[in-house]
Amino acid sequence: MKLFIDTANVEEIREIGEWGILEGVTTNPSLIAKEGLKLEDVMKEIVEIVEGPISAEVMGLKADEMLVEGRALSEIHPNIVIKVPFCEEGLKAIKKFHEENIKTNCTLIFSPAQALLAAKAGATFVSPFLGRLDDIGHVGMDLIESIKKIFVKGNISTEIISASIRGPQHVIQAAEAGSDIATVPYKVFKQMLNHPLTENGIEQFIRDYEGMKG
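As a starting point, this report considers the structure included with it. (Residues numbered from 1 in each chain as written. Predicted model: local features only at pLDDT ≥ 70, side-chain atom pairs only at ≥ 80, totals over all residues. Heavy atoms only, no water.)

For the rest of this paragraph, the subject is the nonpolar core. Among the nonpolar cores identified, the biggest contains 53 residues, and Met43, Ile80, Ile82 and Val126 are the most heavily contacted of them. Element by element, the count of residues in this core is highest for helix H8 (residues 140-153), at five residues. With residues up to four places along the chain from it excluded, the contact list for Ile82 reads Ala56, Val58, Gly70, Leu73, Ser74, Phe97, Ile102, Lys103, Thr104 and Asn105. In this structure, Phe4, Phe125, Ile161 and Ile181 belong to the second largest nonpolar core, which totals five residues. (Core = buried A, V, L, I, M, F, W, Y, C linked by side-chain atoms within 4.5 Å. Buried < 20%, exposed > 50% of the residue type's maximum accessible area, 1.4 Å probe, protein only. Helix = DSSP H or I, 4+ residues; strand = E, 2+ residues; numbered from the N terminus. Contact = heavy atoms within 4.5 Å.)

See the structure below:
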């Protein structure tokens, strides 16, 4: 399973990128707004840091508007993927982008039926939102397993991006469920580093070494 980071903060991307594990980036309008920057400016910085798919979301509500925005974003760099919200107009835009060889990430997926429609329209990626389903009492990981089963049996090449990750366990469960990608918030990457036995072990090694030096 590939690991993307879900943020628009360039410093966070740079820091996690130094670990040698990042294979892509996803952003959304809320993350861009949080940074107080223009989408185009953020994208130009990110493509200089990460070699891999970088999702930039369109804001238009009509297919024609999405197409205008998406085409402009795709010209920034070949790694830009156009993030399109799942809806009827979004499917129309995805179909057209596919015909123009522009990669897309269909976001706000909450059911296997939505994922199947997006894939059939030509989406390069689909992004089911685990955490938001968990928040309303559903088991988000069931959605990943169902989509994976459908895509494997149907020989569908669209990749699954597990999104709305809430913690390290979501990352592990997504990998076990066969997700192609998990897009992980910065704070969750930091949480994945930690285990008390690792910390205790390092401290013990240091004490033993210092004691040997005497």
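Under the counting rule described, the total for this entry stands at zero disulfides. Considering cysteine sulfurs only, Cys106 is the nearest to Cys87, which forms no disulfide, with 7.9 Å between them. Judged by relative accessible area, Cys87 falls into the partly exposed class, the value being 28%. (Disulfide = S-S within 2.5 Å.)

Okay, the pairing of strand E3 (residues 54-57) next. The alternating pattern of E3 places Ile54 and Ala56 and Ser55 and Glu57 on opposite faces, both of which are buried. Of the strand pairs in this sheet, strand E2 (residues 25-26) and E3 are connected by two bridges, and their pairing is parallel. Within the sheet, the bridge partner assigned to Thr26 lies in E3 and is Ser55. (Pairing = 2+ DSSP bridges.)

What follows deals with the pattern of salt bridges. For the coordinates displayed, the defined rule picks out nine salt bridges. Here Glu159 and Lys2 are joined by a salt bridge, their closest N and O atoms 2.9 Å apart. Residue Glu159 is located in strand E7 (residues 159-162), and its partner Lys2 is located in strand E1 (residues 2-6); the two are separated by 157 residues in the primary sequence. Of the charged contacts, one joins Lys92 and Glu89 as a salt bridge, the two residues approaching to 2.9 Å between their closest N and O atoms. Highlighted residues: Lys92 and Glu89, both in helix H5 (residues 88-99), separated by three residues, approximately one helical turn. The class of Lys92 is partly exposed, set by a relative accessible area of 45%. According to the relative accessible area criterion, Glu89 is buried, its value standing at 18%. In the salt-bridge network here, residues are joined through shared partners; they are Lys95, Lys96 and Glu99. (Salt bridge = Lys/Arg side-chain N within 4 Å of Asp/Glu carboxyl O.)

Since the α-helix advances by 3.6 residues per turn, residues separated by three or four positions end up pointing in the same direction. Between its first and last C-alpha, H8 extends 21 Å over 14 residues, near the 20 Å set by a 1.5 Å rise per residue. Lining the buried residues of H8 we find strand E5 (104-109), helix H6 (112-121), strand E6 (125-128), helix H7 (130-135), E7 and helix H9 (168-176). One or two residues past the end of H8 sits Asn155, with phi positive at roughly 55 degrees. (Expected span 1.5 Å × (residues − 1).)

Turning next to the sheet that holds E5. Read around the barrel, eight strands follow the order E1-E2-E3-E4-E5-E6-E7-E8 and close on themselves; strand pairing throughout is parallel. In the sheet, E1 pairs with E2 via two bridges, with the strands oriented parallel. Looking at the pairing, Ile5 lines up with Val25 of E2. Most of the contacts of helix H4 (residues 63-74) go to strand E4 (residues 80-85), to which it runs at about 160 degrees, and overall it touches E3 and E4. Along the sheet, H6 contacts E5 and E6; its crossing angle with E5, the most-contacted strand, is approximately 165 degrees. (Axes fitted to C-alpha atoms, helices over the stretch in contact; angles between N-to-C directions.)

Here we come to the side chain of Thr107. Among the secondary structure elements, Thr107 is positioned in strand E5. Residues within four places of Thr107 in sequence aside, it is in contact with Glu57, Lys83, Val84, Pro85, Phe86, Ser127 and Phe129.

Turning our attention to the environment of Asn200. With respect to the secondary-structure elements, Asn200 resides in helix H11 (residues 196-213). With a relative accessible area of 43%, Asn200 lands in the partly exposed category. When the C-alpha positions of Asn200 and Val42 are compared, they lie 40 Å apart, and in sequence the two are 158 residues distant.

What follows concerns the packing of aromatic side chains. Evaluated as defined, the whole model comprises two aromatic pairs. Arranged with centres 6.2 Å apart and planes meeting at 85 degrees, the rings of Trp19 and Phe189 form a pair that is edge-to-face. With Trp19 in the loop between helix H1 (10-17) and E2 and Phe189 in helix H10 (residues 186-192), this pair connects stretches of sequence that are 170 residues apart. (Phe/Tyr/Trp six-rings, centres within 6.5 Å; stacked < 30°, edge-to-face > 60°.)

What is shown is where atoms sit, not what they do.
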